[in-house]
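Inside the fold
Residues per chain, in single letters:
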Amino acid sequence: MGQPERLNTEASFALCGVSPIEYVSGRRRTRRLNHGGDRQANAALHRVVFTRLRHDSRTQAYYERRTQEGKTGRAIIRCLERYAARKVFNLVRPVSPHPLVIGGVRSGLSTAPVLT
């Protein structure tokens, strides 16, 4: 990720290859991963997920629970990669120097002007 300032939304970060794409083959509707985007970021998320599967008991329990629900291994990995992408996005996204304004109410105690 050479330009983290381009990450305005989580959806833009999902372009590292973890955003699902719906496709139809005959009567079957399913999802697959978007194979475009930043392949190095996708490879890093893949490593994160498989490392967590080997060492993190919560991730192992999640995998087992979803398997019991009838999900395929690929679908579970896709969910875990998306989860990891959300976590990483919140760590690397650029922080705005101005406070977030929601509905005319400013969050935080900054003296920066309110943008409405």
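Quick caveat: nothing in here was measured; it's all calculated off a predicted structure. (Residues numbered from 1 in each chain as written. Predicted model: local features only at pLDDT ≥ 70, side-chain atom pairs only at ≥ 80, totals over all residues. Heavy atoms only, no water.)

1. A short note on the overall build of the protein
- Helix and strand content of the protein: four helices and four strands.
- Counting from the amino terminus, helix and strand elements in the protein follow one another as α-β-β-α-α-α-β-β.
- Counting every position in the protein, which comprises 116 residues, the buried fraction comes to 24%.
- For the protein, contacts bridging at least 24 residues in sequence account for 44% of all contacts bridging at least 6. (Helix = DSSP H or I, 4+ residues; strand = E, 2+ residues; numbered from the N terminus. Buried < 20%, exposed > 50% of the residue type's maximum accessible area, 1.4 Å probe, protein only. Contact = heavy atoms within 4.5 Å.)

2. Here's the deal with the confidence of the model for the protein
- In the predicted model, the protein carries a mean pLDDT of 74, and the fraction of residues at 70 or more is 58%.
- Summarising per-element confidence for the protein, the mean pLDDT is lowest in strand S4 (residues 105-106) (50) and highest in helix H3 (residues 57-68) (96).
- Low confidence marks residues 107-116, where pLDDT is under 50. Its contacts with residues over four positions away, or in another chain, come to 11 contacts. (pLDDT = per-residue confidence, 0-100.)

3. Focus on the nonpolar core
- Within the largest apolar cluster, nine residues are counted, these being Leu45, Val49, Leu53, Tyr62, Ile76, Ile77, Leu80, Ala84 and Ala85.
- Where this core is concerned, the elements lending two or more residues are helix H2 (39-55) and helix H4 (73-92).
- Per element, the largest residue contribution to this core is five residues, and it comes from H4. (Core = buried A, V, L, I, M, F, W, Y, C linked by side-chain atoms within 4.5 Å.)

4. Thoughts on the pattern of salt bridges
- Applying the stated criterion across every chain, the model contains three salt bridges.
- Asp56 is the salt-bridge partner of Arg52, the closest N and O atoms lying 3.1 Å from each other.
- For Arg52, a relative accessible area of 30% translates into the label partly exposed.
- A residue is classified by how much of its surface remains accessible, and Asp56, at 16% relative accessible area, is buried.
- A network of salt bridges, in which partner residues are shared, links Arg52, Asp56 and Arg58. (Salt bridge = Lys/Arg side-chain N within 4 Å of Asp/Glu carboxyl O.)

5. Quick notes on the packing of H2 against H3
- Packing of H2 against H3 leaves a shortest axis separation of 6 Å and a crossing angle of 95°. In this view, H2 runs roughly perpendicular relative to H3, as classed from their interaxial angle. Contact residues: H2 offers Arg52, Leu53, Arg54 and His55, while H3 offers Ser57, Arg58, Thr59, Gln60 and Tyr63. (Axes fitted to C-alpha atoms, helices over the stretch in contact; angles between N-to-C directions. Parallel < 35°, antiparallel > 145°, perpendicular 65-115°, else oblique.)

6. Quick look at the side chain of Thr59
- Topologically, Thr59 is positioned in helix H3.
- The buried category is assigned to Thr59, whose relative accessible area is 4%.
- At a separation of 3.1 Å, a polar atom in the side chain of Thr59 contacts the side chain of Arg52. (Polar contact = N/O pair within 3.5 Å; in protein donor to acceptor, adjacent residues only side chain to side chain.)

7. Structural notes on the environment of Lys71
- Considering the arrangement of structural elements, one finds Lys71 in the loop between H3 and H4.
- Classification of Lys71 by relative accessible area gives partly exposed; the value is 41%.
- Filtering out sequence-adjacent residues up to four positions away, Lys71 remains in contact with Arg66 and Ile76.

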